[in-house]
Amino acid sequence: MADPAADRARYDRATAHLDAPLAVVDLAAFDANADDLVRRAGGKPVRVASKSVRCRALLERVLERDGFAGVMAFTLAEAVWLARAGIEDVLLAYPSVDRTGFAELTADPKLAGAVSVMVDDVAQLDLIDTARAGGGQEVRVCLELDTSLRLLGGRIRFGARRSPLHDPAQLAELARAVQRRPGFRVVGLMAYEGHVAGVGDAVPGAALRSRAVRLMQAAARRELAARRAEAVRAVRAVVPGLEFVNGGGTGSVQHTAAERAVTEVAAGSGLFVPRLFDNYTSFRGRPAALFAQPVVRRPGVGVVTVLGGGYPASGAAGRDRSPVPYLPEGLRYDPQEGAGEVQTPLLGSAADDLLIGDKVWFRHAKAGELCERFSELHLVSGEEVVAVVPTYRGEGRTFL
């Protein structure tokens, strides 16, 4: 188990020569988290969700490890960029209307062979065709199955609003439409169960809610396992050479990998383990990605103020979307101010031991969004910064 006080001392010593704000990745924690994802995948390859990493050097680091294969990108521009950088298997996780990107993809054999695009509507095929601009390369297509759990005839729904394809028959019908259409080929199927993989089931202070989440997730896993298997059979009847069936996420890796119909699982947040992934019964990871803000004021007893730090995460607005002060332990936000754009007061007895210029270490609520705030990551091994690598932002890339 990690020793927070020892970790704080290591990070402070490793970055003593650096001014905050700054972001670090603890390589020992990152690698241990990667090993745990592989263990939970039980022999099935893990596709890295790039939105949770957003740093090419770290994507390359994890892809060099046994058990990982391919990247799941979040925009077409990103997928093309990664493929041009040498990643040979990129799955675009969301439909795209990037006409420029499709023109580039369909004009280049290397790109067309490396990138698979997500489709859940014939209208998306129409857009790709109008964007080809003469490009004749065949487009690799992945179909997405909606994974939401629907009860009482659909009046109650658990799960994100993603694909309109909920029934296996709908998926098979679209597969036939793609196969009939020149210039397209179905190569994969994806079904991401975010209501299982991305929702904590052991939230402190919320025992009843946590139990309800566990019951919902157990029911969702049972329902989806049967429906996903049926969907794969239906699509394979149309496309016998289906190359992959992707599912899962950090919080559901071992459950999804256990399904015979699934050939690979996706995960990304489990490498950094942000604060939203603390509350799971299915796994325990090590916080690997942190950012530091400097103490710039001491307004009074039990209070320090750090520079900035108001980096909210996406999703429904709430307290759980804010970063948390992590090290030293015992700091909390002022409820009247929270995490501020340019200054953040922190309360607690630990504040009295902090001096002007000291670092306070934070954990972001989500994983890759931290990299949209910093142009570089300092990679820490032991008590040293052993490398400084650019984030997507540091390479001049902001895809969303």
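Basis of the calculations
- Residues numbered from 1 in each chain as written.
- Predicted model: local features only at pLDDT ≥ 70, side-chain atom pairs only at ≥ 80, totals over all residues.
- Heavy atoms only, no water.
- Helix = DSSP H or I, 4+ residues; strand = E, 2+ residues; numbered from the N terminus.
- Contact = heavy atoms within 4.5 Å.
- Pairing = 2+ DSSP bridges.
- Axes fitted to C-alpha atoms, helices over the stretch in contact; angles between N-to-C directions.
- Buried < 20%, exposed > 50% of the residue type's maximum accessible area, 1.4 Å probe, protein only.

The protein chain appears in an unreviewed UniProt entry as Amino acid deaminase/aldolase from Streptomyces silvisoli.

Here the focus is the environment of S375. As for its position among the elements, S375 is in the loop between strand 17 (359–363) and strand 18 (376–381). The spatial distance from the C-alpha of S375 to the C-alpha of L149 is 39 Å, given a sequence separation of 226 residues. If we skip the residues at most four places from it in the chain, S375 touches V389, P390, T391, R393 and G394.

Sheet architecture is closed into a barrel: eight strands sit in the order 2-3-4-5-6-9-10-11, paired in parallel fashion. Neighbour-to-neighbour, the strand axes of this sheet turn through a mean angle of 30°, independent of strand direction. Note: strand 2 (residues 46–49) against strand 3 (residues 68–73), three bridges, orientation parallel. Among the inter-strand pairings, A49 is bridged to a residue of strand 3, identified as M72. Helix-sheet contacts for helix 3 (residues 56–63) involve strand 2 and strand 3, and the interaxial angle to strand 3 is about 150°. Packed on one face of the sheet, helix 10 (residues 207–238) meets strand 9 (184–191) and strand 10 (244–247) and runs near 175° to strand 9.

Further remarks concern the environment of L271. With respect to the secondary-structure elements, L271 resides in helix 12 (residues 269–272). By relative accessible area, which is 0% here, L271 ends up buried. Measuring from C-alpha to C-alpha, the distance between L271 and A229 comes to 28 Å, with 42 residues separating the pair along the chain. For L271, the residues in contact, after removing those within four places along its chain, are F30, N33, A34, L37, V48, V53, V62, F68 and A288.

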